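Descriptive analysis of the structure
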Amino acid sequence: MNQSIMIRPKKLVAALLAILIFAGCAKEMSEEHGNGPNTGPPTPPLGTDCKVEKITSVDSLSGIGLGSLYSQFGTNDLATRVEIYDSLAQSLKFAANFTYANDTVRVSDKEFFILDPSFRVKTFQTFADVTDPNSDSLLFKYYYDANGYLNKKEIYQGHIPVPATVTYTWSNGNLTSLEADVAGTIKLLSAELQYSDQPATNFIYILPEAYELAPYILSLNLGTKSKNIIKKIVMTTYDDNGNASKTYTSNYSNVKLSSDGYVTQLYASGDYIDGLPLLTNLTKFSYRCK
């Protein structure tokens, strides 16, 4: 049963993993500078109503770029294209164009998002392997509470009638934990999240298990974002008997901010978290401002 929640569309995962293999090798050369949550003076202000349009993983010792996730936005502020780029190989690993028709956002001939009246993602239709027409279909359904926070996700695989369900818990404006199970009894995974006291202005979504959204995380509206800067994530997967199987821990430190509160870079150490694309090693953030 654990596999049902962990199935990943192969094309997306291959693109991300290709870059992460380089990042893993580069970590051996890298070094973390400083021990505090924030290092160095704030950079100049970025501007009004800014949002992240590019995440870049960089080797912190050499300064060499490893890879990037980029979202292009049109004049109407809607995403038009995403790209995953391998900087070392100087090659494009993944790309998708967005086409819009009423409440539907199509990213390929087989994959599309449906938006709710608030333009938040309501469903995502995809496949276990988009290159294989015989692979299982995957349908993700997203639910929000009255304050706009994502509080539940259902994952339907093929013709299996019972979905895997992810329940999100929020506290003081931050996502603090999540649990995934089947029928409320078969536990799949859980995660605990810790934050610094420093608020972050319109940072990226922190949804650690949401691998299906990782390539599109800069482009979509998934409700209200966590208020503060992420500090630590501990994710645990479980075996078929409900016993803890593996634990993954990632720490985030050495955050740099603009004077108007936007995160411009941070250092990620430990395990890679599926739903946080390219947050490995030294990670830099570029913004698009109105």
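Quick caveat: nothing in here was measured; it's all calculated off a predicted structure.

Observations concerning the overall build of the protein chain
The number of helices and strands found in the protein chain is two helices and 17 strands. Taken over 290 residues, the protein chain has a buried fraction of 51%. Put simply, 50% of the contacts in the protein chain that link residues at least 6 apart link residues at least 24 apart. Working note: accessible area of the protein chain is about 13,200 Å², and carbon and sulfur atoms make up 51% of it.

What to know about the packing of aromatic side chains
All chains considered together, the criterion is met by 10 aromatic pairs. Judged by centre distance (6.1 Å) and plane angle (90°), the rings of Phe98 and Tyr216 are edge-to-face. Residue Phe98 is found in the loop between strand 4 (91–97) and strand 5 (99–101), and its partner Tyr216 is found in the loop between strand 13 (186–199) and strand 14 (228–238); the two are separated by 118 residues along the sequence. Each member of the pair Phe98 and Tyr216 is classed as buried. Between Phe140 and Tyr211, the ring centres sit 6.2 Å apart and the planes meet at 75°, which makes this aromatic pair edge-to-face. With Phe140 in strand 9 (residues 137–144) and Tyr211 in the loop between strand 13 and strand 14, this pair connects stretches of sequence that are 71 residues apart. Among the residues examined, Phe140 registers a relative accessible area of 0% and is labelled buried. On the accessibility criterion, Tyr211 (8% relative accessible area) is buried. Ring-pair connections join several aromatic residues into one group, and the members of that group are Phe94, Phe98, Phe113, Phe124, Phe140, Tyr211 and Tyr216. Sitting over the face of the ring of Tyr144, Arg120 holds its NZ or CZ atom 4.4 Å from the ring centroid.

Examining the pattern of salt bridges
Taken as a whole and judged by the stated rule, the model has 10 salt bridges. Put simply, Lys153 and Glu209 hold a salt bridge, and the shortest N to O gap is 2.7 Å. Of this pair, Lys153 sits in strand 10 (residues 150–157) while Glu209 sits in the loop between strand 13 and strand 14; the two residues are 56 residues apart in sequence, bridging distant segments of the chain. Residue Lys153 shares its accessibility class with Glu209, and that shared class is buried. Between Lys187 and Glu179 there is a salt bridge whose closest N-O contact spans 4.0 Å. When its relative accessible area of 27% is taken as the criterion, Lys187 is described as partly exposed. Put simply, Asp49, Lys51, Asp77, Arg288 and Lys290 are held in one network by salt bridges that share partners.

Some details on the nonpolar core
What tends to happen in soluble globular proteins is that the nonpolar side chains get buried as a cluster. Grouped together as the largest cluster of nonpolar side chains are 68 residues, with contacts concentrated most on Tyr216 and Phe285. At five residues, the largest contribution of residues to this core is made by strand 13. Setting aside residues no more than four positions away along its own chain, Phe285 makes contact with Val52, Lys54, Ile55, Phe203, Ile204, Val263, Thr264, Gln265, Leu266 and Leu279.

Looking at the state of the cysteines
Per the stated rule, a full pass over the model turns up one disulfide. Disulfide pairing is shown between Cys50 and Cys289; the S-S distance is 1.9 Å. Because the sign of the S-S torsion sets the handedness, a value of about 110° for the bond joining Cys50 and Cys289 places this disulfide among the right-handed ones. Pair noted here: Cys50 is in strand 1 (residues 50–58) and Cys289 is in strand 17 (residues 281–289), with a separation of 239 residues, a long-range link. Residue class for Cys50 comes out buried when judged on its relative accessible area of 1%. Judged by relative accessible area, which is 31%, Cys289 ranks as partly exposed.

Analysis parameters
Residues numbered from 1 in each chain as written. Predicted model: local features only at pLDDT ≥ 70, side-chain atom pairs only at ≥ 80, totals over all residues. Heavy atoms only, no water. Helix = DSSP H or I, 4+ residues; strand = E, 2+ residues; numbered from the N terminus. Buried < 20%, exposed > 50% of the residue type's maximum accessible area, 1.4 Å probe, protein only. Contact = heavy atoms within 4.5 Å. Areas by Shrake-Rupley, 256 points an atom, 1.4 Å probe, with all protein chains shown as cover. Phe/Tyr/Trp six-rings, centres within 6.5 Å; stacked < 30°, edge-to-face > 60°. Lys NZ or Arg CZ within 6 Å of the ring centre and 35° of its normal. Salt bridge = Lys/Arg side-chain N within 4 Å of Asp/Glu carboxyl O. Core = buried A, V, L, I, M, F, W, Y, C linked by side-chain atoms within 4.5 Å. Disulfide = S-S within 2.5 Å.

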